[in-house]
Amino acid sequence: MAGLKLGVEPREVGMDVKDVEGRFAAATSLDDQIDQLFLAMQNYGFDTLIYDYTPGRYDLSGQLIIPTVLELRNVDETMRDYWCQRGYFRHDPVQHVALSTTGPFFWNYDPKAKTLIHAFMNEETVPVAEFLWERGLTAGVTVPIHLPGGDYATVTGIRAGDPVRLERDVQLCMGDFNLVAHLFQRTAALRIGRERALSSLPRLTARERECLRYSAEGYSAKEISRLIDRAVPTVVMHLNAATRKLGARNRTQAVARAAHLRMFDQPRA
């Protein structure tokens, strides 16, 4: 794939979109697709990749949803624990900027740099910044990907070394990097759905989801029992189980929460 190596003399470059899409589509797994994305990013001079995906932006309490998928290349694997298990993801200034914009942006954790993340840096973000500083992950470019159904992802490229030079260099490839990230997400979406369980969301069985979906459409338990050919007590059991798993006070709230979490987007049982 044609591209621009950061740190070399500017020149006219082109990108074969069909070739890029072909490489992503030919990959045999999501891991392989991530590897292809990493190779494409290296072509632009980045030496680290961070990719995350969630089926929505905020949970029911208003906090950022912890990523369903977090893929790292050339990054200390402890980042997965800190970002997902310890909740650093929710305090990462890069994520807060990404939620509020649709274009790729350069960021730098040096407070003197005053990049877009500066407005979100506070006491809560200090542990995040310290983790990244210790590993030399202080400056990079992030592409936010806001999908029509509410899905959300970011593709981040980082390069070690002088952040001032990086900021200057990335202006030469920002557009291509943005396109590569979106091409990747388009081809990876199906694999993410098939290969990665949405572990950050409540787990409803297919029958619980089906009964709740019919309830959302206005059917009573008696009517649902005829639609799915099950006894009314069985339908009530499924609806109560779904309500409990969603932490709802009643069936109406359960329907609202399931809709918020896009559980009805999945195919009928």
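The rules behind the values
- Residues numbered from 1 in each chain as written.
- Predicted model: local features only at pLDDT ≥ 70, side-chain atom pairs only at ≥ 80, totals over all residues.
- Heavy atoms only, no water.
- Helix = DSSP H or I, 4+ residues; strand = E, 2+ residues; numbered from the N terminus.
- Buried < 20%, exposed > 50% of the residue type's maximum accessible area, 1.4 Å probe, protein only.
- Contact = heavy atoms within 4.5 Å.
- 1 Å grid on protein atoms, 1.4 Å probe; cavity = no way out; pocket = protein on both sides within 12 Å on 5 of 7 lines; lining within 4 Å.
- Points joined across faces, edges and corners; volume = space filled by probe spheres on them.
- Nonpolar A, V, L, I, M, F, W, Y, C, P; charged D, E, K, R; others polar.
- Phe/Tyr/Trp six-rings, centres within 6.5 Å; stacked < 30°, edge-to-face > 60°.
- Lys NZ or Arg CZ within 6 Å of the ring centre and 35° of its normal.

For the protein chain, an unreviewed UniProt entry supplies the name LuxR family transcriptional regulator and the organism Agrobacterium cavarae.

With that out of the way, let us pick up unusual backbone geometry. The backbone phi angle of N74 is positive, close to 60°, even though this residue is not glycine. Within the element layout of this structure, N74 appears in the loop between β2 (69–73) and α3 (78–85). Judged by its relative accessible area of 55%, N74 is exposed. Look at K114: it is not a glycine, yet its phi comes out positive at around 55°. Position of K114 relative to the elements: it lies in the loop between β3 (105–108) and α6 (126–134). Note on K114: relative accessible area 58%, which makes it exposed.

Along the chain, H238 turns up in helix α11 (residues 232–245). Apart from residues lying up to four places away in sequence, H238 is in contact with R207, E208 and C211.

Moving on to empty space enclosed by the protein. Scanning the entire structure with this criterion turns up one cavity of 30 Å³ or more. One number sums up the size of the largest cavity: a volume of about 120 Å³. Counting only elements with at least two residues in the lining of the largest cavity, the list comes to β1 (48–54), α3, α5 (93–99) and β5 (152–158). For the lining of the largest cavity, the class distribution of residues is 10 nonpolar, two polar and two charged.

If you walk through the whole model with that rule in mind, you get nine aromatic pairs. With a centroid separation of 5.6 Å and an interplanar angle of 80°, the aromatic rings of W107 and Y109 are classed as edge-to-face. Per residue, the accessibility class of W107 equals that of Y109, and both read buried. Both rings, one in Y214 and one in Y219, keep their centres 5.7 Å apart while their planes meet at 85°; by these two values the pair is edge-to-face. The partly exposed category is assigned to Y219, whose relative accessible area is 35%. Three or more aromatic residues joined by ring pairs make a cluster, and in this case those are Y82, W83, Y88 and F131. When the ring centre of Y82 is taken as reference, the NZ or CZ atom of R86 above it lies at 4.0 Å.

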